[in-house]
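So the chains spell out like this:
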Amino acid sequence: MPHKEFEIDGRAITGIASFYAQMNRLLMAGESWELGESLDALNDALYGGYGAIDGAERVRMIWRDMAATRAALGRDATWAFLRERLGTRTMFNGSPIVDQLDALEKGGGTTYFDVVMQVFADHPNIEIVPA
């Protein structure tokens, strides 16, 4: 069965906002609304049923310059994202964010890019092809 293909331009992704701009350009063309900067929104769009993906159809994402995206959504972007989120959390639900920040500071932890890749991996109909 043929794949629907999309091309992600990794050089155009310089941070989280530009990542979602790229996803909106690819996945939401023709819609009167756009995805917010949310991993949940990305996940929903990848399920399809609106936007460019029709349900569980097979999709190939050709990801040019994936290393540029990995760097743009790496430690610094993740740190800034988590620091912003920490400011909106209470002491009762901010602890996991503090733990994530601590792991990043120690040179480990999960980056925003890692989580994006996990979101894509949750959709077996979507194939990522680094190019």
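Residues numbered from 1 in each chain as written. Predicted model: local features only at pLDDT ≥ 70, side-chain atom pairs only at ≥ 80, totals over all residues. Heavy atoms only, no water.

### Some thoughts on the sheet that holds strand 1 (residues 4-9)
The sheet built from 3 strands is open, its strands ordered 1-2-3 with parallel pairing. Taken across any chain shown, the strands that pair with only one partner, and hence form the sheet edges, are strand 1 and strand 3 (126-130). Recorded for the sheet is a direction-independent mean angle of 20 degrees between the axes of neighbouring strands. Note: strand 1 against strand 2 (residues 59-64), 6 bridges, orientation parallel. Among the inter-strand pairings, Ile 8 is bridged to a residue of strand 2, identified as Trp 63. Across the face of the sheet, helix 1 (residues 16-27) comes into contact with strand 1 and strand 2 while running at roughly 155 degrees to strand 1. (Pairing = 2+ DSSP bridges. Helix = DSSP H or I, 4+ residues; strand = E, 2+ residues; numbered from the N terminus. Axes fitted to C-alpha atoms, helices over the stretch in contact; angles between N-to-C directions. Contact = heavy atoms within 4.5 Å.)

### Examining the environment of Gly 36
Looking at the secondary structure, you find Gly 36 in the loop between helix 1 and helix 2 (39-47). Considering only alpha carbons, one finds Gly 36 and Tyr 20, 16 residues apart in sequence, at a separation of 7.4 Å. Discounting chain neighbours no more than four positions away, the residues touching Gly 36 are Tyr 20 and Ala 41.

### A word on the packing of aromatic side chains
Aromatic ring pairs are defined here through the distance separating the ring centres and the angle between the ring planes. Counted according to the given criterion, the structure contains 5 aromatic pairs. Ring centres 5.1 Å apart and planes at 80 degrees place the aromatic pair Phe 19 and Tyr 20 in the edge-to-face group. Taking the relative accessible area as the measure of exposure, Tyr 20 reaches 1% and is therefore buried. Pairing Phe 81 with Tyr 112 gives two aromatic rings, centres 5.0 Å apart and planes at 75 degrees, and the pair type is edge-to-face. Of this pair, Phe 81 sits in helix 4 (residues 75-86) while Tyr 112 is found in helix 6 (residues 112-121), placing the two residues 31 residues apart along the sequence. The exposure class of Tyr 112 is buried, given its relative accessible area of 3%. (Phe/Tyr/Trp six-rings, centres within 6.5 Å; stacked < 30°, edge-to-face > 60°. Buried < 20%, exposed > 50% of the residue type's maximum accessible area, 1.4 Å probe, protein only.)

### Description of the pattern of salt bridges
All chains considered together, the criterion is met by 8 salt bridges. Ionic pairing is found between Arg 11 and Asp 65, a salt bridge with its closest N-O pair at 3.0 Å. In this pair, Arg 11 is assigned in the loop between strand 1 and helix 1 and Asp 65 in the loop between strand 2 and helix 3 (66-72), connecting sequence segments 54 residues apart. Through salt bridges with shared partners, a single ionic network connects Glu 5, Arg 60 and Glu 127. (Salt bridge = Lys/Arg side-chain N within 4 Å of Asp/Glu carboxyl O.)

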